[in-house]
2 protein chains.
Amino acid sequence: MPTPLDALSFEPLTPLLFLERAARVFPGNIAVVDGETRRTYRDLRDRTRRFSGTLRELGVRPGDRVAVLSSNTPLLLEAHYGVPGCGGVLVALNYRLHAAELAQIVEHSGASVVLYDSELAALADDMLHLIPAPPFACSEGELEARLPEAQPLPIPAVDERSLLSLNYTSGTTGAPKGVMYHHRGAYLQALAMVHHARMDARSVFLWTLPMFHCNGWCFTWAVTAAGGTHVCLRKVEATEIWRLIEKESVTHLNAAPTVLTMIATALDADATSIAGRIHVCTGGAPPSPTLIETLGALGMDVTHLYGLTETFGPIMICEPQPEWAGADPPRVARLLARQGVGNLIAVAPRVVDDAGADVPADGTTLGEIALRGNDVMLGYYRAPELTAAAARDGLFRTGDLAVMHSDGYIEIRDRAKDIIISGGENIASIEVEQVLMSHPAVLEAAVVASPDERWGEVPVAFVTLRDGMQARPADLILHVKTRLAKFKAPSRIVFGPLPKTSTGKILKYALRQSLRADDTAPFP
Amino acid sequence: MPTPLDALSFEPLTPLLFLERAARVFPGNIAVVDGETRRTYRDLRDRTRRFSGTLRELGVRPGDRVAVLSSNTPLLLEAHYGVPGCGGVLVALNYRLHAAELAQIVEHSGASVVLYDSELAALADDMLHLIPAPPFACSEGELEARLPEAQPLPIPAVDERSLLSLNYTSGTTGAPKGVMYHHRGAYLQALAMVHHARMDARSVFLWTLPMFHCNGWCFTWAVTAAGGTHVCLRKVEATEIWRLIEKESVTHLNAAPTVLTMIATALDADATSIAGRIHVCTGGAPPSPTLIETLGALGMDVTHLYGLTETFGPIMICEPQPEWAGADPPRVARLLARQGVGNLIAVAPRVVDDAGADVPADGTTLGEIALRGNDVMLGYYRAPELTAAAARDGLFRTGDLAVMHSDGYIEIRDRAKDIIISGGENIASIEVEQVLMSHPAVLEAAVVASPDERWGEVPVAFVTLRDGMQARPADLILHVKTRLAKFKAPSRIVFGPLPKTSTGKILKYALRQSLRADDTAPFP
């Protein structure tokens, strides 16, 4: 029971405070731009309080989950305040998933309400039909109609260590895991992002990064903390991005290298569209020297971040050192391609061996990146055994195999887990393998990551057909595409026997090596 | 009992983490400059760990107080890490105080060790002689001699709500009050300062603000969080300040308006000494339009902050609004002279009436600034009744009478408490009055603040002499100077009867008014 004296010096940390401050301190600043719609921070606070009131009227109680299916619209941005504002837990859905995958996530989360953007009404409908007892569904238009009459809710008292959001990610088994974010972590991570991206009340942030990815790496809250402007973007499309960069005088954007390459190489790319410089944060894969150089020439300065869904996004930053300024460009590019060091609020990341001991900082000894601290998840939702397995000793094992350099920077060398990261999206190998093996002609399948210029990695399937059976690559790819999100389909199918250990375990390492060997072949 | 799972997502917030990070991420950056001495962050961490080890060897246990008597030297800066690094509580002493005042503070704190800079050896000696059971005393030279052999201590596990430091301030009674800072508050306040001062690893901070003031408003930790450089300064002297600005390429400094005026009007003031722009934070009194303009012409951009010892320094900031850029200069100066809004991590400051209700935001209704949140003190050390009186309902009453403007900015209009703020230092009227009345010729004395171009305010004494007794102003001023810190002595003595209420209470308001009336007299 807190006493008045506790209240004197203690306020629970929650990102909801950032909107309260922005609405008080910068009430007239433009908070949200969406096409021709422009809303101030005063408006955003008022709307999100009514949003919370509407959810309360729909029966949402503290701790209840509210799922949102939307691209980067005001609906999803406002949900980052409106849902926790009534004590609810936000579940931002990846709209690139298949209806069946979404249904599985919504069911697992136990969401009582699903909000969706009308542009995704068909997907929402498909998803809802796959859920035996579907949650109450409400489009952004229906929500909008309720706002004027809704009772605005003041922000609730929260326990800072309590659940703020669930971010679903593919596990190695393919079953989605609900990563539990807490208020304190999101608050501190947002402050770190404000610092590293150098944001302030004049910043204009373009939403090229999906808000459903780690709650937009917590920039849904960080931009608000800075009092800057959120510019919504429904579709990641170069012409529109360059139009908005010029029209809205964008100062910041975040995206996976894949998307940055698309932006940088678009016909519309035009350095004269950029008034000052644009601060770009990227992650999911290291930005290539060519990409950094091309963006630089366009007026964009790149910061390389590293993180996972389990770590509120970027727990690490490749912090540029003053002395790198003078180094030769290829060396700087190599240095910048590393995953780096802990961010401003992170506990120092470690690279550990199986026993949990730090590997030597020699740049060669392989270990696993292991993390803990305020920007690490509470655990996996309704999966204590998965949580315990991922963090048996209080250290989250990332599955990323890395070395520790002598300057304290971490660099990833391989991945321990069977995950492919394509265009910033996680793909579980096993999930694709299982779908492939559900095809009548397939005897065995192994799916591994293949390096890809555009997507960072793409899935490639090695398949052995049943005796006497026939299947074309296109048949198998279509088989996957009709059952999973399209980005999970293999880009290539390689037929033949699979290399195995004496105990019959498929040697995925050898398969990955064979793909890398291909890469060394000269291009025509 | 925390489980491994708690450790996964929870790390206690303490500013000690900032030095750990700086030493890992920016090991080669210059952390401290002191004359010709330059130490890297690697060195600073290693030294402060040995500092902690030395204190442990001297018997300092967790919770023990360690007092430091020093100007802005490496000793005092390192103590901000070395003392809490062994679990100790830092008591940074105001070396401008009289030996008797210092003795009172050290006794009240129960410090078991006093560290002092050799330049202040005489004062330390005088102070120690006034303490019946004096603490163990150690000069910076003696400490330095012990460091090489000391056992470095790793940073301790701390409760983030536990005591980090005591900052003594004059109460209205003149008895010093030990304001209790907690680790969490210092951590968050430092992050807010990094943001508002826009600091990063290239920042060079000149220590014109005393580190004993609210732990240097938490910049002792904030500069380190940013990975910037601390430039020590033993004496606030214009020639030396301008020399360092040029030599060290200073980017940041903080000071009361008094000191800024001295810097800006010095013969050495030279805009060509400043490479880029210097970010200046000021507080203690509003910066005048002339000062802002003069500093601007020299290359210094001023941010106006407001806070008290009880609030880790600047809990408020006069955040400039985008639209002010276009307003006419006198209006902007008036807007910037206001105390402002809550800082990035502060709970929104309030202006309340006696019953604790918010006054209307009309710019005219007077109320008292009332504060709470993560950057508010735990209370007054060993004075629960004072704490309860200052925060009876969980809101700290500042004693500053203010209005709330319609744009949400707070502006101070008067002071409820009998405190004079001169050159950033608090002076309790009653303390000076008591000393005056100890003079045989004095019957009654009332001390009030008089506006002063240089110091913001200075104490002026209204004195009634005993019948038939004589005293010259100079006699009385000398009488005070030999008993209290020199800055507490009245700048003027006005003889005559004191205006009183019917119940005999002195009308200080009338005395203050009479001084303001003087101000309107044209200058010769």
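Residues numbered from 1 in each chain as written. Chains lettered and ligands numbered in written order. Predicted model: local features only at pLDDT ≥ 70, side-chain atom pairs only at ≥ 80, totals over all residues.

### Quick notes on the overall build of chain A
Here is step 1: A tally of regular secondary structure across chain A gives 18 helices and 24 strands.
Here is step 2: By the compact-globule yardstick of 24 Å for 524 residues, chain A fits well, its C-alpha radius of gyration being 23 Å.
Here is step 3: With the principal axes as the frame, chain A shows a C-alpha extent of 70 × 60 × 50 Å.
Here is step 4: The buried share of chain A, taken over its 524 residues, is 54%.
Here is step 5: Across chain A, the fraction of contacts at a sequence separation of at least 24, relative to all contacts at a separation of at least 6, is 70%. (Helix = DSSP H or I, 4+ residues; strand = E, 2+ residues; numbered from the N terminus. Rg over C-alpha atoms; globule rule 2.2 N^0.38 Å. Buried ≥ 20, exposed ≤ 12 C-beta atoms within 10 Å, placed from the backbone. Contact = placed C-beta atoms within 7 Å.)

### Things to note about unusual backbone geometry
Residue and element names in this part refer to chain B.
Here is step 1: Although it is not a glycine, Asn215 sits at a positive phi angle of roughly 50 degrees.
Here is step 2: The topology assignment puts Asn215 in helix α9 (residues 214-217).
Here is step 3: For Asn215, a count of 28 C-beta atoms within 10 Å translates into the label buried.
Here is step 4: You will see that Phe312, though not glycine, has its phi angle at about 55 degrees, which is positive.
Here is step 5: On the secondary structure map, Phe312 appears in the loop between β13 (300-308) and β14 (313-317).

### Digging into the domain arrangement of chain A
All names here are of chain A.
Here is step 1: Annotation of chain A at the domain level lists domain 1 (1-152 + 161-190) and domain 2 (421-519).
Here is step 2: Look at where the C-alpha atoms of domain 1 and domain 2 centre, and you get two points 36 Å apart.
Here is step 3: The partner domain 2 presents 11 residues to the 10 residues of domain 1 that form the contact.
Here is step 4: Its residues assigned to classes, the side of domain 1 that touches domain 2 comprises 1 nonpolar, 7 polar and 2 charged. (Domains from an automatic or database assignment. Nonpolar A, V, L, I, M, F, W, Y, C, P; charged D, E, K, R; others polar.)

### Let's talk about the nonpolar core
Here is step 1: Counting 328 residues, the largest nonpolar core has A:Val68 and B:Val66 as its most contacted members.
Here is step 2: Each of domain 1 (1-152 + 161-190) and domain 2 (421-519) of chain A contributes no fewer than three residues to this core.
Here is step 3: Not counting residues up to four positions away in its chain, the partners in contact with A:Val68 are A:Leu75, A:Leu76, A:Ala79, A:Leu90, A:Val91, A:Ala92, A:Leu93 and A:Leu115. (Core = buried A, V, L, I, M, F, W, Y, C linked by C-beta atoms within 7 Å.)

### Topic: the interface of chain A and chain B
Here is step 1: The partner chain B presents 39 residues to the 39 residues of chain A that form the contact.
Here is step 2: If one sorts the elements of the side of chain A that touches chain B by residue count, helix α1 (residues 4-9) of chain A sits on top with 5 residues.
Here is step 3: The class makeup of the residues in the side of chain A that touches chain B is 20 nonpolar, 11 polar and 8 charged.

### Regarding the packing of helix α3 (residues 41-57) of chain A against helix α4 (residues 74-82) of chain A
All names here are of chain A.
Here is step 1: Contact geometry of α3 with α4 gives a least axis separation of 8 Å together with a crossing angle of 75 degrees. On the basis of the axis angle, α3 is roughly perpendicular to α4. Facing α3, whose interface residues are Arg47, Thr48, Phe51, Ser52 and Leu55, α4 presents Glu78, Tyr81 and Gly82.
Here is step 2: Looking at side-chain class alone, the contact of α3 with α4 contains 3 nonpolar, 3 polar and 2 charged residues. (Axes fitted to C-alpha atoms, helices over the stretch in contact; angles between N-to-C directions. Parallel < 35°, antiparallel > 145°, perpendicular 65-115°, else oblique.)

### Concerning the environment of A:Arg454
All names here are of chain A.
Here is step 1: Mapped onto the secondary structure, Arg454 falls in the loop between β22 (442-452) and β23 (456-465).
Here is step 2: You can call Arg454 partly exposed: it has 13 C-beta atoms within 10 Å.
Here is step 3: With residues up to four places along the chain from it excluded, the contact list for Arg454 reads Thr258 and Thr261.

### What about the sheet that holds strand β7 (residues 163-170) of chain A?
All names here are of chain A.
Here is step 1: Read from one edge to the other, the open sheet built from 6 strands follows the order β6-β5-β3-β4-β7-β8, with strand pairing classed as mixed. Only two strands of the sheet have a single neighbouring strand rather than two, namely β6 (136-139) and β8 (176-182). Taken pair by pair, the neighbouring strands of this sheet meet at an average axis angle of 25 degrees, ignoring direction.
Here is step 2: The pairing of strand β3 (residues 65-69) with strand β4 (residues 89-93) spans 5 bridges and is parallel. Within β4, the residue paired with Leu69 across the bridge is Leu93. (Pairing = 2+ DSSP bridges.)

### Quick word on the relation of the copies chain A and chain B
Here is step 1: By a simple turn and slide, chain A fits onto chain B: the slide is 0.0 Å along the axis, the RMSD is 0.0 Å, and the turn is 180 degrees. The operation mapping one copy onto its partner corresponds to a two-fold rotation axis. No C-alpha of chain A lies nearer the rotation axis than that of A:His195, which sits 3.3 Å from it.
Here is step 2: Most of the interface of chain A is mirrored in chain B: 100% of its interface residues are interface residues there too. (Least-squares fit on C-alpha atoms with pLDDT ≥ 70 in both.)

### Section: the packing of helix α5 (residues 99-109) of chain A against helix α6 (residues 121-129) of chain A
All names here are of chain A.
Here is step 1: At a minimum axis separation of 8 Å, α5 and α6 run at an interaxial angle of 60 degrees. If you check the angle between α5 and α6, you find them oblique. In terms of crossing hand, the pair formed by α5 and α6 is right-handed. Mapping the contact onto sequence places Ala99, Leu102, Ala103 and Val106 in α5 and Leu123, Asp126 and Met127 in α6.
Here is step 2: Of the residues in the contact of α5 with α6, the class split is 6 nonpolar, no polar and 1 charged. (Left-handed = near helix turned anticlockwise from the far one by under 90°.)

### Remarks on the sheet that holds strand β24 (residues 492-495) of chain B
Residue and element names in this part refer to chain B.
Here is step 1: An order of β22-β23-β24 is seen for the 3 strands of this open sheet, with the pairing classed as mixed. A strand with exactly one partner marks an edge of an open sheet, and here the two such strands are β22 (442-452) and β24. For this sheet, the mean angle separating the axes of adjacent strands, direction not counted, is 25 degrees.
Here is step 2: In terms of strand pairing, β22 meets strand β23 (residues 456-465) through 10 bridges, oriented antiparallel. Across the sheet, Val442 pairs through a bridge with Leu465, a residue of β23.
Here is step 3: Sheet strands touched by helix α16 (residues 429-437): β22 and β23. Its angle to β22, the strand with the most contacts, is close to 140 degrees.

### Considering α4(A)
Here is step 1: Most of α4(A) sits out of view: 9 of its 9 residues are buried.
Here is step 2: Within α4(A), burial applies to A:Pro74, A:Leu75, A:Leu76, A:Leu77, A:Glu78, A:Ala79, A:His80, A:Tyr81 and A:Gly82.

### Observations regarding the pairing of strand β1 (residues 30-34) of chain B
All names here are of chain B.
Here is step 1: Here 4 bridges tie β1 to strand β2 (residues 37-40), and the two strands are oriented antiparallel to one another. From the neighbouring strand, Asp34 faces β2, where its bridge partner is Thr37.
Here is step 2: Count of turn residues in the β1/β2 antiparallel hairpin: 2 residues, of which Gly35 carries a positive phi of about 65 degrees.
Here is step 3: In terms of strand pairing, β1 meets strand β10 (residues 229-231) through 2 bridges, oriented parallel. Bridging from a neighbouring strand, Val32 pairs with His230 of β10.

### Quick word on the environment of B:Lys500
All names here are of chain B.
Here is step 1: Note that Lys500 resides in the loop between β24 and α18 (508-519).
Here is step 2: Lys500 gets classed as partly exposed once you count the C-beta atoms within 10 Å, which come to 13.
Here is step 3: When the C-alpha positions of Lys500 and Ala510 are compared, they lie 9.1 Å apart, and in sequence the two are 10 residues distant.

### Section: the confidence of the model for chain A
Here is step 1: Overall, the prediction assigns chain A a mean pLDDT of 92, with 96% of residues at 70 or greater.
Here is step 2: As a predicted assembly, this complex carries a pTM of 0.89 together with an ipTM value of 0.89. (pLDDT = per-residue confidence, 0-100.)

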